[in-house]
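# Chains, contacts and geometry: an overview
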Amino acid sequence: MTTPEELCGLLPRLAALPPMGEPVDQLAHALQTAGQAIGAGADDDLVLAAALHDLARLPEVAARHPCLPHEEAAARLCAPLLGERVAWLVGAHVLAKRVLVATEPAHAAVLSATSTRSLRAQGGAAAAAELRRFGEHPWSEDALRLRRWDDAAKVPGAAAPEPGDLLDRMRRRWR
């Protein structure tokens, strides 16, 4: 099992990944997403899910769960250490984008060009059955909040917590 220190130690490695066409590197994106969650008064689970939602973009994390989309691989990494809710929120961030595009057509204009391209690869707007299942989940509103922060967390130079600032939250959640 990964410890909080090991999991938190993966975050800085995101900075070495290609920015994927976004104006910030992947570490800045992860930390800005967490910072928005903190600013909104989110609980530890939601803040940690915001910080870790793209962690499986790291090759060493993706290799643990080959053939899974990044959101599912990251959810599986987080589950043993941080629990079911964090894992579900991490795993739902792509579906939440698809739900927002389906239910709020103006949300598509908020997406970056990179996120718009990935939306097409991820199946486009959520279908009616997906919307129903997602809406019935008790954490669906939190997943939508995380997704909105994810979409907004691409601002060069924006304030964000340091990876170490998240460690205490991880330790509190460690199972």
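As the structure is a prediction and not an experimental result, all values here were calculated from the model.

Conventions we followed
- Residues numbered from 1 in each chain as written.
- Predicted model: local features only at pLDDT ≥ 70, side-chain atom pairs only at ≥ 80, totals over all residues.
- Heavy atoms only, no water.
- 1 Å grid on protein atoms, 1.4 Å probe; cavity = no way out; pocket = protein on both sides within 12 Å on 5 of 7 lines; lining within 4 Å.
- Points joined across faces, edges and corners; volume = space filled by probe spheres on them.
- Helix = DSSP H or I, 4+ residues; strand = E, 2+ residues; numbered from the N terminus.
- Phe/Tyr/Trp six-rings, centres within 6.5 Å; stacked < 30°, edge-to-face > 60°.
- Expected span 1.5 Å × (residues − 1).
- Buried < 20%, exposed > 50% of the residue type's maximum accessible area, 1.4 Å probe, protein only.
- Contact = heavy atoms within 4.5 Å.
- Polar contact = N/O pair within 3.5 Å; in protein donor to acceptor, adjacent residues only side chain to side chain.
- Axes fitted to C-alpha atoms, helices over the stretch in contact; angles between N-to-C directions.
- Parallel < 35°, antiparallel > 145°, perpendicular 65-115°, else oblique.
- Left-handed = near helix turned anticlockwise from the far one by under 90°.
- Nonpolar A, V, L, I, M, F, W, Y, C, P; charged D, E, K, R; others polar.
- Salt bridge = Lys/Arg side-chain N within 4 Å of Asp/Glu carboxyl O.

### Digging into the layout of surface pockets
Of the volumes computed, that of the largest pocket is approximately 290 Å³. Met 20, Glu 22, Asp 54, Arg 57 and Lys 154 are the residues nearest the centre of the largest pocket, which is lined by 21 residues in total. Residue assignment for the lining of the largest pocket shows that the elements contributing at least two residues are helix H2 (26–39), helix H6 (84–103), helix H7 (113–121) and helix H9 (140–152).

### Brief notes about the packing of aromatic side chains
In this description, a pair of aromatic rings is defined by centroid distance and the angle of the planes. With the rule as written, the count across this model stands at two aromatic pairs. Taken together, the aromatic side chains of Trp 88, Phe 134 and Trp 139 make up a single cluster linked through ring pairs.

### Considerations on H2
Taking 1.5 Å per residue, 14 residues should reach 20 Å; H2 reaches 20 Å between its end C-alpha atoms and fits that length. Buried residues of H2: Gln 26, Leu 27, His 29, Ala 30, Leu 31, Gln 32, Thr 33, Ala 34 and Ala 37, and no others. Of the surrounding secondary structure, the elements contacted by the buried residues of H2 are helix H3 (44–52) and H9. Of the residues that open H2, the one with a side-chain oxygen 3.0 Å from the backbone nitrogen of Leu 27 is Asp 25. Of the residues flanking the end of H2, it is Gly 41, one or two places downstream, whose phi is positive at about 80°.

### With respect to the side chain of Thr 33
Assignment of secondary structure puts Thr 33 in helix H2. For Thr 33, a relative accessible area of 0% corresponds to the buried category. In this view, Thr 33 contacts Ala 50, His 53, Leu 146, Trp 149, Asp 150 and Ala 153; residues no more than four positions away in its chain are not counted.

### A short note on the packing of H2 against H3
Look at H2 against H3: their axes get within 7 Å of each other, and the N-to-C directions meet at 160°. Relative to H3, the element H2 is oriented roughly antiparallel. You can see that H2 and H3 cross each other, and the crossing is right-handed. On the side of H2, the interface is formed by Ala 30, Thr 33, Ala 34, Ala 37 and Ile 38, while H3 contributes Leu 46, Val 47, Ala 50 and Ala 51. Among the residues making up the contact of H2 with H3, the classes are represented as eight nonpolar, one polar and no charged.

### Some details on the pattern of salt bridges
Applying the stated criterion across every chain yields a total of 15 salt bridges. In this structure, Arg 85 engages Asp 43 in a salt bridge whose closest nitrogen and oxygen atoms are separated by 2.8 Å. A residue pair is termed long-range when its members are at least 10 positions apart, and Arg 85 in helix H6 and Asp 43 in the loop between H2 and H3 qualify at 42 residues. By relative accessible area, Asp 43 is classed as partly exposed at 37%.

### Brief notes about the environment of Leu 95
Mapped onto the fold, Leu 95 is located in helix H6. Along the sequence, Leu 95 and Ala 125 sit 30 residues apart, while their C-alpha atoms lie 8.8 Å from each other. For Leu 95, the residues in contact, after removing those within four places along its chain, are Ala 126, Glu 130 and Phe 134.

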